[in-house]
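As a plain string of letters, each chain reads:
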Amino acid sequence: MAVVTVERKPLTFWERTYLPNIAAGLATTFKRMVKPTETLEYPEQRPEIPAGYRGVPTLVYDPNGREKCVSCQLCEFVCPPKAIRITPGEIPNEDPNAHVEKRPQEFKIDMLRCIYCGMCQEVCPEEAIWLQQQYSMTGYTREEMVNDKKRLYELGGTLPDEHFKWDKKKAAEQAAAHGGHH
Amino acid sequence: MFDFYFELPLLLRLLLQGTAVSLVLLPRAPPCSMAERKISAWIQGRPGPNRTKPPIAGFLAPLGLVASIPVLGTALQKLGIYQLAADGGKFTFKEDPIPGHVNKFYFVLAPIASMIPALTTVAFVPFGAYFDAAGKLVPVALTNLDVGLLAVFALGSLGVYSLILAGWASNSKYPFLGGVRASAQLISYELSMTLSVLPVFLWVNAPGGQGTLSLFDVVQTQSQPGFWGGTWYAMTMPVSAFIFLVALFAETNRQPFDMPESEADLVGGFHTEYGAFKWSLFFVAEYAHMIVGSGIFCLLFLGGWNPLPWVSFADLAHWLHFADKPLLMGLIAIGLFLAKVGFFIFFFMWVRWTLPRFRYDQVMKLGWQKLLPLSIANLIAYALVIAWIETR
Amino acid sequence: MSSLPLAAVTGAFQVSLHSYLYLAAVLFAVGFFGVLLRKNTLVIYMCLELMLVASTVALVAFSRYNGVLDGNVFVFFILTVAAAEVAVGLAIIVALFRRRQTVQVEELNALKN
Amino acid sequence: MSASDLLFHLFAVFTVACALGVVFNKNAVASALCLLLSLVGVAGLFVLLDAFLLAVLLVLVYAGAVVALFLFIIMLLDMQGGDRKKFTKATVVSSTLAGGLLVTGLVSFAQRGQVAVAADVPVVGSTLRSYAEQLFTVYLLPVQIVGFLLLIAMLGVIVLSKKFEGLDDIK
C-alpha cells in the first residue's frame with residue numbers, strides 16, 4: 001500500500017501568534033457561560049428513565065392480583081452474586097389460586113449483593129421478576145437493604161399482561177377431565 | 001463629621017490610614033475565590049456551589065436572617081454567597097498539619113511572608129479622585145509618590161520570596177521544583193513588564209512634562225481635553241498593554257502560566273505540603289496580587305477612574321453636579337475604578353478556564369525569545385515616534 | 001507629594017551624620033568579617049554585597065547632610081554596577097561548579113604549588 | 001528623641017543584626033534571606049534620608065532581582081549546607097581581629113574627619129526630576145558607560161553560561 005505523506009500546512013503569521021485562536025476560545029467559553037447550565041440538580045430534578053431500564057428487581061402480580069412467582073427458584077440458582085433467597089411454600093387448598101403449583105413463602109433480594117445483571121428476569125419462566133425503573137435504593141442499615149416479599153411486591157405492582165396461563169391450564173385440565181367422562 | 005479624626009496626631013493618623021488601606025485587600029480574597037468557583041462552573045455548564053444555607057440560629061445569625069428573606073435569600077444562596085462563610089470556617093478551624101520533614105521555621109514563615117507584599121503594594125495605588133476645597137483634583141490614595149510605579153514593582157517582586165521559601169522549606173521534591181520555577185519565571189517576565197510600561201512614561205514625561213512615575217499623573221494625562229488627550233493608552237499603545245497583560249499573568253502565576261503550582265506535573269507545586277489556614281494565606285496573596293496588578297493595568301492603560309475614553313471623570317462630575325461633594329465624588333471614582341478592576345478579575349478567571357497550561361520550556365521561551373524582543377522593539381518604536389512628535 | 005521631607009511626619013531630624021557613618025562603618029566591617037570568615041563562595045559574595053551596600057549608606061548620608069545630589073547619583077551607579085557584577089559573578093560560580101563540583105574556596109586551590 | 005531618631009535606631013539595629021545573620025548563618029538560603037532583610041533595613045534608612053527613589057531602586061534591584069538570583073543559584077547548585085568544613089581557630093581569630101581593626105579605623109576616621117554640616121539642610125532632589133536632570137546632564141557620560149558595561153556584562157554572562165562543544169581538552 002502506498003504511503004501518502006501529507007504535508008503539514010504551514011501556519012500563517014496570525015496562527016503562529018495564537019492570538020486569534022485564543023480570542024476564539026475565549027468567545028466559546030463566554031458563550032458557554034451565558035447559556036443555561038446542563039447540570040441536573042438531582043434530588044429536586046430527576047432524570048428521565050428510558051423504557052427497558054434495568055433498575056431494582058421486583059416481583060409482580062398478574063391483573064387478577066395473583067402472585068406470578070411460583071417459587072421455582074431458578075432465579076435463586078442463576079443469580080451470580082447469590083442475592084436471592086426464596087423459601088417456597090404450598091398454597092392451601094381453600095385458596096382461589098390453589099391450582100397454581102406453589103408460591104413463595106418468603107422471597108428476599110439482598111440489594112447490597114445485587115449487581116442488576118437482569119439474569120433473574122431472563123430466566124424466570126413465569127415473568128414474575130422484573131427489573132424496573134427504580135434506581136436508587138438507600139437505607140441506614142444492612143437489614144433495610146434486604147427487600148422482603150412485601151417490599152418487592154410494593155415496588156413491583158401489577159403486570160398488565162393478560163396471559164392467565166394458570167387459569168387457562170386449569171380450564172384446559174377441567175375440559176379434558178370433562179371430555180374424558182364423555 | 002470626621003473632625004475627631006483630623007485632631008489625632010499625624011503619625012497615628014497615617015498609621016490608621018495605612019492599616020485601613022492594607023486591610024482593604026484582605027477580605028477581597030474570599031469573594032474572588034467564590035467568583036472563581038462560580039465562573040469556572042458556568043463556563044463548564046454547571047451551576048457551581050448553590051446549596052449552602054446558614055441555619056437561622058447558627059453561629060452567624062445575621063447571615064441566617066438574610067438567608068430567610070424570601071427572594072433575596074434564595075438568590076444569594078444560588079450565587080453561593082453563604083459558601084464563603086463555610087469555606088472561611090473550614091480554613092480557619094481545620095487541622096493545620098506541619099509535616100515532619102519540613103524546615104519548620106521557614107515553613108511557617110513563608111505564608112506570612114506572602115502577605116507582606118500582597119498587603120503593602122496597595123498603599124501606592126490610587127483608587128479614585130475628588131476635587132478638594134481649592135477645586136484641585138486630588139487622588140484617593142494612601143501615598144502619591146512620584147516613584148509610585150517603581151514602588152509597586154519593587155514590593156510586588158518581593159512576593160516571589162514566599163513561593164521560593166515555601167518550596168525550599170517543604171524539603172521535598174515537587175515543592176522545591178515549584179519554588180525554582182517561581183524564581184526563574186519572575187526574573188524572566190519582570191523585564192518585559194518593566195520595558196512595556198516605559199513607552200507610557202516616555203509619553204507622560206515628554207519634555208516639558210513634570211518628570212514623574214506617579215500612577216495618578218498617568219491617569220491625569222489620559223483625561224485631558226481633546227482627541228489625543230482623552231484617549232486611553234490601551235488604544236495608542238496596544239502592544240505595550242498586551243505585553244504588560246501577559247507579563248501580569250505570568251507574575252501572578254495565573255493560568256496559563258501557573259508553573260509554580262502546575263498540578264499536572266508538580267502535584268501542587270510550592271504549596272504541596274501546605275494545608276488549611278497557611279494554604280489559604282497563599283491564595284489570599286495570589287488574589288491580592290491579581291487585584292493590585294489589574295488595578296495598575298487599569299491606571300496605566302485604561303484611564304483609571306475615567307468612565308469612558310474622551311469622557312474624563314472631572315467632566316462627568318461637572319455634568320452630573322456632584323463636583324462639590326468630595327465624599328460622593330470619591331466614592332463614585334472608586335466605584336468606577338473597582339468596576340474596571342472587577343472586569344479584569346473576571347478576565348483572569350475567564351482566561352484560566354479557557355486556555356491550557358503552557359509547558360515550562362514554552363513559558364521560558366515565550367518570556368525570553370518572544371516577549372522580551374517584542375517589548376524592546378516596542379520601546380524603540382515608541383521612543384522614535386515620541387521623539388518625532390516632540391520635535392515636530 | 002513626595003518632596004515633603006519625612007521629618008514633617010516623624011518629627012525633627014536629629015540623627016547626626018556621624019551616626020550614619022558609624023552605621024556604615026559597622027556594616028562594612030561585618031561584610032568584611034564575613035568575607036574573611038566564610039568558605040562558601042556564594043556566602044562570600046553576599047558579604048561583598050553587604051560591603052557595597054554599606055558604602056551606599058555613607059554616600060546617601062553625605063549627600064543628604066550636604067544638600068547635594070551627587071552622592072545619590074553615585075549610589076544609582078553603584079546599584080547598576082552591582083547588578084551587573086552579581087550576574088557575572090554568579091555565572092562564574094556556576095561555571096566553576098560545573099567544572100569542579102564545589103564552591104568551597106578551600107577546595108578551589110588548583111594554583112597551589 | 002523624635003520619631004525619626006527612633007526609626008533610625010530601629011533600622012540601624014535591624015540592618016546590622018541581619019548583616020550578622022548573613023555572616024553567621026550555617027545555611028546559605030538563610031544567609032540570603034538575612035541579606036534580603038538587611039537590604040530592606042537599608043532601604044528604610046534611605047527613606048529616612050529622603051532618598052525615596054534610591055530606597056525603591058534598592059528594593060527593586062537588590063531585593064527583587066539580586067537576592068532572587070542568589071537563591072536561584074543556591075537551589076540550582078543544591079548547596080544549602082553552607083561551609084563544609086568547620087572554621088579553624090586561626091581563621092576565626094584573624095577574621096575577628098581584621099574586622100575589629102577595620103571598625104576602629106573607620107570609626108576613628110569618621111570621628112576625626114571634618115564632616116560637620118548644618119543641622120537643617122534643605123532636602124535636595126528627592127524628586128525623580130532632579131535625578132533625571134543630574135543623570136542626563138552632568139553625569140551623561142557615566143550613564144552611557146554604565147549602559148555599555150551592562151551590555152558587556154550580559155554578553156559575558158551568556159558566554160560564561162554557555163556549554164561549548166569540543167572544548168573539553170582545554171582544562
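Residues numbered from 1 in each chain as written. Chains lettered and ligands numbered in written order. Predicted model: local features only at pLDDT ≥ 70, side-chain atom pairs only at ≥ 80, totals over all residues. Heavy atoms only, no water.

### Focus on the overall build of chain D
Stage number 1. Looking only at helices and strands, chain D has 6 helices and 0 strands in total.
Stage number 2. In sequence order, chain D lays out its α and β elements as α-α-α-α-α-α.
Stage number 3. Within chain D, residue pairs in contact and separated by at least 24 positions form 59% of the contacts whose partners lie at least 6 positions apart.
Stage number 4. Roughly 9,200 Å² of accessible area belongs to chain D as shown, and the carbon and sulfur atoms make up 71% of that amount. (Helix = DSSP H or I, 4+ residues; strand = E, 2+ residues; numbered from the N terminus. Contact = heavy atoms within 4.5 Å. Areas by Shrake-Rupley, 256 points an atom, 1.4 Å probe, with all protein chains shown as cover.)

### Here's the deal with the overall build of chain A
Stage number 1. Scanning chain A from terminus to terminus reveals 6 helices and 5 strands.
Stage number 2. Moving toward the C terminus, one meets the helices and strands of chain A in the order α-α-β-α-β-β-α-β-β-α-α.
Stage number 3. Sorting the 182 residues of chain A into buried and exposed places 29% on the buried side.
Stage number 4. At a minimum sequence separation of 6, the contacts of chain A that also span at least 24 residues come to 70%. (Buried < 20%, exposed > 50% of the residue type's maximum accessible area, 1.4 Å probe, protein only.)

### As for the interface of chain C and chain D
Stage number 1. Listed per partner, the contact involves 82 residues of chain C and 87 residues of chain D.
Stage number 2. With both sides pooled, the region where chain C packs onto chain D buries about 7,700 Å², and carbon together with sulfur makes up 77% of that total.
Stage number 3. Run the count over chain C and chain D and you get 6 residue pairs in polar contact (both at pLDDT 80 or more).
Stage number 4. Here the element with the most residues in the side of chain C that touches chain D is helix α4 (residues 70-100) of chain C; it accounts for 24 residues.
Stage number 5. Residue composition of the side of chain C that touches chain D, by class: 56 nonpolar, 17 polar and 9 charged. (Buried area = accessible area lost by both parts, 1.4 Å probe. Polar contact = N/O pair within 3.5 Å; in protein donor to acceptor, adjacent residues only side chain to side chain. Nonpolar A, V, L, I, M, F, W, Y, C, P; charged D, E, K, R; others polar.)

### Considerations on the interface of chain B and chain A
Stage number 1. On the chain A side, the residues contacting the 16 residues of chain B number 14 residues.
Stage number 2. Buried surface at the junction of chain B and chain A, both sides included, amounts to about 1,300 Å², of which 70% is carbon and sulfur.
Stage number 3. The salt bridge partner of Arg-51 of chain B is Glu-41 of chain A, with a shortest N-O separation of 3.0 Å.
Stage number 4. Where chain B packs against chain A, one counts 8 residue pairs in polar contact (both at pLDDT 80 or more).
Stage number 5. Where the side of chain B that touches chain A is concerned, the elements lending two or more residues are α3 (29-43) and α17 (326-352) of chain B.
Stage number 6. Considering every element that reaches the side of chain B that touches chain A, the biggest residue donor is α17 of chain B, with 4 residues.
Stage number 7. Tallied by class, residues from the side of chain B that touches chain A come to 11 nonpolar, 3 polar and 2 charged. (Salt bridge = Lys/Arg side-chain N within 4 Å of Asp/Glu carboxyl O.)

### Looking at the environment of Gly-156 of chain B
All names here are of chain B.
Stage number 1. With respect to the element layout, Gly-156 can be found in helix α8 (residues 148-169).
Stage number 2. The spatial distance from the C-alpha of Gly-156 to the C-alpha of Ile-116 is 9.6 Å, given a sequence separation of 40 residues.
Stage number 3. The residues touching Gly-156, leaving out its near neighbours within four places in the chain, are Thr-121 and His-289.

### A word on the packing of α4 of chain C against helix α3 (residues 52-77) of chain D
Stage number 1. At a minimum axis distance of 11 Å, the contact between α4 of chain C and α3 of chain D shows a crossing angle of 5°. Viewed along their axes, α4 of chain C and α3 of chain D adopt a mutual orientation that is roughly parallel. Along the contact surface, α4 of chain C presents Asn-72, Val-75, Phe-76, Leu-79, Ala-82, Ala-83, Val-86, Ala-87, Leu-90, Ile-93, Val-94 and Phe-97 of chain C, while α3 of chain D presents Leu-54, Leu-57, Leu-58, Val-61, Tyr-62, Val-66, Leu-69, Phe-70, Ile-73 and Leu-77 of chain D.
Stage number 2. Its residues placed into classes, the contact of α4 of chain C with α3 of chain D shows 21 nonpolar, 1 polar and no charged. (Axes fitted to C-alpha atoms, helices over the stretch in contact; angles between N-to-C directions. Parallel < 35°, antiparallel > 145°, perpendicular 65-115°, else oblique.)

### Some details on the pattern of salt bridges
Stage number 1. Here the structure, examined in full by the defined rule, presents 18 salt bridges over all chains.
Stage number 2. In this structure, Asp-50 of chain D engages Arg-64 of chain C in a salt bridge whose closest nitrogen and oxygen atoms are separated by 3.2 Å. Of this pair, Asp-50 of chain D sits in the loop between α2 (28-48) and α3 while Arg-64 of chain C sits in helix α3 (residues 41-66), placing the two residues on different chains.
Stage number 3. When salt bridges that share partners are traced, they join Glu-36, Arg-254, Glu-286 and Arg-352 of chain B into one network.

### Section: the nonpolar core
Stage number 1. Core analysis: the biggest nonpolar cluster contains 193 residues, and Val-200, Phe-244, Ile-296, Leu-300 and Trp-305 of chain B, Tyr-20 of chain C together with Phe-46 of chain D have the highest contact counts within it.
Stage number 2. Of the residues forming this core, the biggest block, 21 residues, is contributed by α3 of chain D.
Stage number 3. Counting 21 residues, the second-largest nonpolar core is a separate cluster that includes Cys-120, Ile-129, Met-145 and Leu-152 of chain A. (Core = buried A, V, L, I, M, F, W, Y, C linked by side-chain atoms within 4.5 Å.)

### Considering the sheet that holds strand β2 (residues 84-89) of chain A
All names here are of chain A.
Stage number 1. The strand order across the open sheet formed by 3 strands is β2-β3-β5, and the pairing between neighbours is antiparallel. Edge positions in the sheet fall to β2 and β5 (146-147), since each has one partner strand and no second.
Stage number 2. Across 2 bridges, strand β3 (residues 103-110) lies against β5 in antiparallel orientation. What sits directly across from Asp-110, in β5, is Val-146.
Stage number 3. Helix-sheet contacts for helix α5 (residues 149-156) involve β3 and β5, and the interaxial angle to β3 is about 80°. (Pairing = 2+ DSSP bridges.)

### Overview of a nonpolar patch on the surface
Stage number 1. A cluster of nonpolar side chains, namely Phe-13, Trp-14 and Leu-19 of chain A together with Val-239, Phe-242 and Leu-374 of chain B, defines an oily patch on the protein surface of about 540 Å² accessible area.
Stage number 2. Where the nonpolar patch is concerned, the elements lending two or more residues are α1 (13-17) of chain A together with α13 (238-251) of chain B.
Stage number 3. With respect to the element layout, Phe-242 of chain B can be found in helix α13. (Patch = residues over 30% accessible without salt bridge, like charges linked within 9 Å, V, L, I, M, F, W, Y side chains within 5 Å.)

### Brief notes about the side chain of Glu-76 of chain A
All names here are of chain A.
Stage number 1. Note that Glu-76 resides in helix α3 (residues 74-78).
Stage number 2. For Glu-76, the side chain forms a polar contact with the main-chain nitrogen of Ile-86, separated by 3.2 Å.
Stage number 3. With near-sequence residues (within four places) excluded, Glu-76 lies in contact with Ile-84, Arg-85 and Ile-86.

### Remarks on helix α2 (residues 19-34) of chain A
Stage number 1. Between its first and last C-alpha, α2 of chain A extends 23 Å over 16 residues, near the 22 Å set by a 1.5 Å rise per residue.
Stage number 2. Among the residues making up α2 of chain A, those that are buried are Leu-26, Thr-29, Arg-32 and Met-33 of chain A. Within α2 of chain A, the buried residues cover an arc of 125° as seen down the axis, which keeps them to one side. Those residues of α2 of chain A that are exposed and angled more than 90 degrees off the buried face are Lys-31 and Val-34 of chain A.
Stage number 3. In this structure, the buried side of α2 of chain A is in contact with α3 and α17 of chain B. (Expected span 1.5 Å × (residues − 1). Arc of directions from axis to C-beta.)

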